[in-house]
Amino acid sequence: MIPLSVPNLKGNEINYVTNALVAEWVSTGGAYINQFEKDLADYVLTHSAVAVSSGTSGLHLALLEAGVSAHEHVIVPTLTFIAAVNPIKYVNAHPIFMDCDDSLCLDVAKLEKFLKTECDFINNQLIFRETSRPITAIIAVHIFGNLVDMLSLMTLARKFNLQVIEDSTEALGSYMLIDGAKKFAGTFGDFGVFSFNGNKIITTGGGGMVLAKDKEKLSHIKYLSTQAKDDELNYIHNEIGYNYRMTNVQAAIGVAQLEQIEKFVEIKKNNYHLYKQLLATLDEVTLLDFREDIRPNYWFYSLAFQERIDVARIITALNSQGIGSRPVWGLIHEQKPYKNDYSFEIEKAYKYVSSIVNIPCSSNLTDKEIRYVVSVIKEILFNETNGQRIKRLNN
Ligand SMILES: *Cc1c(COP(=O)(O)O)cnc(C)c1O
């Protein structure tokens, strides 16, 4: 079986985990947590970072710190993993779902149309006319390692007084060059969140990291993640806190993984280009590009098939031949818990959901495996098109 996306743990992971165990620092305190926070902040060129138990808990804390209150609205894309959306409900707010553009990320131009036609900006507050409730934040999800058009988004957000939370769980290492300086995913908005779940570009088994532009807000996030403890000795709590800290054992894995991230990106980049080259002769399918003005982390590869191809059958056929493959997530505005929430002109998301297949992209994928995957795709297309394709090529 060639899996879709699995961990690559051949660096210092075992050594560092052993150190943590020998020192008997296995819980939510310890030197590796501090080191992982510092290393990650240094890597994405920001002042500091707070390690948490998952990307989902990080997003929850970012929404709390952004000051999103009950019954307010938060803008979010419908084409995303549901973990980007559920935390909106944790704070009793309501999502408004937006479409994607050809990068698969939030369509910022369409968002602007929504803000201008469906909302009023009164006393520095954006109001959704339909419900008369404030819209306070945007969760921008960097899909598959691509980047949302963050420069346009930030301009729009500042204009309408909206907080921006970057769900960068899939985009650790992706950056844009601005006047020659690297600007990493997670550092454009007011808050940025990473995930180290097993399928992400680096993993700690499970875990996450939160960034914030404002240092005080970030230390308050750390406080909330540690049961909001005001006094270590007497256990005084002046707010409702959460048990959202990462453990030292997870952080030990994280430190070792982060040492290798640029190597992983390099491998994924080469694998992406090999797939692209081998698939270039096929009319029915293209490997989607990343945005041209960024250095992506090449986390996930998206094969986009022409409309006449039945993607579900392609996936079944790939899986039956030992190749891990899946469709894009079911759109969130159509999921049962979100059916009654608002959405705005969803069009491209439908198109992409029914035409994209994700194919193996792990950083330990070999050339031979990539060639096998492509040969199977060719064979499946041959069968699906009753040999039309091959005949055409031979003519
Ligand atoms: C993985 C992921 C998350 C959640 O991260 P966890 O660490 O699994 O909680 C959130 N949003 C997106 C887009 C993701 O891909």
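Residues numbered from 1 in each chain as written. Predicted model: local features only at pLDDT ≥ 70, side-chain atom pairs only at ≥ 80, totals over all residues. Heavy atoms only, no water.

Student: Account for the overall build of the chain, naming residues and giving values.
Tutor: Helices and strands together make up the secondary structure of the chain, namely 13 helices and 17 strands. The buried share among the 395 residues of the chain stands at 56%. Pairs at least 24 residues apart make up 72% of the contacts formed inside the chain by residues separated by at least 6 positions. When the accessible surface of the chain is totalled, it reaches about 17000 Å², and 51% of it is carbon and sulfur. Each charge class in the chain was averaged separately, 38 positive and 45 negative side chains, and the resulting centres sit 5 Å apart. (Helix = DSSP H or I, 4+ residues; strand = E, 2+ residues; numbered from the N terminus. Buried < 20%, exposed > 50% of the residue type's maximum accessible area, 1.4 Å probe, protein only. Contact = heavy atoms within 4.5 Å. Areas by Shrake-Rupley, 256 points an atom, 1.4 Å probe, with all protein chains shown as cover. Lys, Arg positive; Asp, Glu negative; His and termini not counted. Charge placed at Lys NZ, Arg CZ, Asp CG, Glu CD.)

Student: Could you give me a rundown of the confidence of the model for the chain, with the residues and numbers involved?
Tutor: Of all residues in the chain, 98% have pLDDT values of 70 or greater, and the mean over the chain is 96. Mean pLDDT values over the elements of the chain span from 56, in helix H13 (residues 388–394), up to 99, in strand S10 (residues 191–195). (pLDDT = per-residue confidence, 0-100.)

Student: Tell me what's going on with the pattern of salt bridges, and back it up with residues and numbers.
Tutor: Opposite charge on two side chains makes pairing possible when the charged atoms of those side chains draw close. As enumerated under the stated definition, the model contains 15 salt bridges in all. Across the pair Glu345 and Lys113 runs a salt bridge, and its minimum N-O distance is 3.0 Å. Highlighted residues: Glu345 in the loop between strand S16 (342–343) and helix H11 (348–353) and Lys113 in helix H5 (residues 108–118), separated in sequence by 232 residues. As a salt-bridge pair, Asp190 and Arg158 come within 2.8 Å of each other at their nearest N and O atoms. A residue pair is termed long-range when its members are at least 10 positions apart, and Asp190 in the loop between strand S9 (181–184) and S10 and Arg158 in helix H6 (residues 150–159) qualify at 32 residues. (Salt bridge = Lys/Arg side-chain N within 4 Å of Asp/Glu carboxyl O.)

Student: Describe in detail the packing of aromatic side chains, supporting the description with residues and values.
Tutor: Evaluation of the coordinates by the stated rule reveals 19 aromatic pairs. Where Tyr272 meets Tyr298, the ring centres are 5.4 Å apart and the plane angle is 50°; that geometry is what we call tilted. Here the residue Tyr272 occupies a position in helix H9 (residues 261–279), and Tyr298 occupies one in the loop between strand S13 (294–295) and strand S14 (301–305), the gap between them amounting to 26 residues. An identical accessibility class is assigned to Tyr272 and Tyr298; each is buried. Ring plane angle 50° and centroid distance 5.7 Å describe the contact between Tyr272 and Tyr301, whose orientation is recorded as tilted. (Phe/Tyr/Trp six-rings, centres within 6.5 Å; stacked < 30°, edge-to-face > 60°.)

Student: Just give me the short version of helix H8 (residues 248–258), but keep the residues and values in it.
Tutor: Within H8, ten of the eleven residues are buried, leaving the element largely enclosed by the surrounding structure. Listed in full, the buried residues belonging to H8 are Asn248, Gln250, Ala251, Ala252, Ile253, Gly254, Val255, Ala256, Gln257 and Leu258. Of the surrounding elements, those touching the buried residues of H8 are helix H1 (13–22), helix H2 (31–43) and H9.

Student: Could you give me a rundown of the nonpolar core, with the residues and numbers involved?
Tutor: Counting residues in each nonpolar core, the largest one holds 143 residues, and the members touching the most others are Leu40, Leu111, Phe114, Leu153, Leu172 and Tyr275. Broken down by element, the residue count for this core peaks at eight residues, all from H9. For Leu40, the contacting residues outside a window of four places in its chain are Ala49, Leu172, Phe194, Phe196, Met209, Leu211 and Leu258. (Core = buried A, V, L, I, M, F, W, Y, C linked by side-chain atoms within 4.5 Å.)

Student: Tell me what's going on with the site of the ligand, and back it up with residues and numbers.
Tutor: Contacts to the ligand come from 14 residues, most closely from Thr56, Asp167, Glu170, Ser195 and Lys200. Separating an oxygen atom of the ligand from a backbone N or O atom of Gly55 is a distance of 2.8 Å. In the model, an oxygen atom of the ligand is placed 3.2 Å from a nitrogen or oxygen of the Lys200 side chain. About the coverage of the ligand: the protein hides 93% of its 380 Å² of free accessible area. A breakdown of the residues in the shell around the ligand according to their chemical character gives three nonpolar, eight polar and three charged. (Near = heavy atom within 4 Å. Polar contact = N/O pair within 3.5 Å; in protein donor to acceptor, adjacent residues only side chain to side chain. Nonpolar A, V, L, I, M, F, W, Y, C, P; charged D, E, K, R; others polar.)

Student: Break down the sheet that holds S9 for me, with residues and values.
Tutor: Each strand in a sheet pairs with another by means of backbone hydrogen bonds, the pair being arranged parallel or else antiparallel. Strand order in the open sheet formed by three strands is S9-S8-S13, with antiparallel pairing between adjacent strands. The sheet is open, and its two edges are formed by S9 and S13, each paired on a single side. Inspection of the sheet shows strand S8 (residues 175–178) paired to S13 by two bridges, in the antiparallel sense. Note on S13: the bridge partner recorded for Met176 is Ile294. (Pairing = 2+ DSSP bridges.)

Student: Which residues make up the packing of H5 against H6, and what values do they have?
Tutor: Their axes nearest at 10 Å, the elements H5 and H6 cross at an angle of 15°. Taken together, the axes of H5 and H6 are roughly parallel relative to one another. Between H5 and H6 the crossing geometry is left-handed. In this structure, H5 uses Val108, Leu111, Glu112, Leu115 and Lys116 to contact H6, whose residues at the interface are Ser152, Leu153, Leu156 and Lys159. (Axes fitted to C-alpha atoms, helices over the stretch in contact; angles between N-to-C directions. Parallel < 35°, antiparallel > 145°, perpendicular 65-115°, else oblique. Left-handed = near helix turned anticlockwise from the far one by under 90°.)

Student: Let's hear about the side chain of Ser168: which residues, and what values?
Tutor: Within the secondary structure, Ser168 is located in the loop between strand S7 (163–167) and S8. A polar side-chain atom of Ser168 sits 3.3 Å from the main-chain amide nitrogen of Gly186. Leave out the neighbours within four places in its chain, and Ser168 touches His142, Ala185, Gly186, Val193 and Phe194.

Student: Tell me what's going on with the sheet that holds S14, and back it up with residues and numbers.
Tutor: The strand order across the open sheet formed by four strands is S12-S14-S17-S15, and the pairing between neighbours is antiparallel. Both outer strands of the open sheet, strand S12 (285–287) and strand S15 (326–327), are each paired with one neighbouring strand and no more. By the bridge criterion, three bridges tie S12 to S14 in an arrangement that is antiparallel. Across the sheet, the residue bridging to Val285 is Phe305, located in S14. Contacts from helix H10 (residues 311–320) reach S14, S15 and strand S17 (356–359) within the one sheet, and its direction differs from that of S17 by about 20°.

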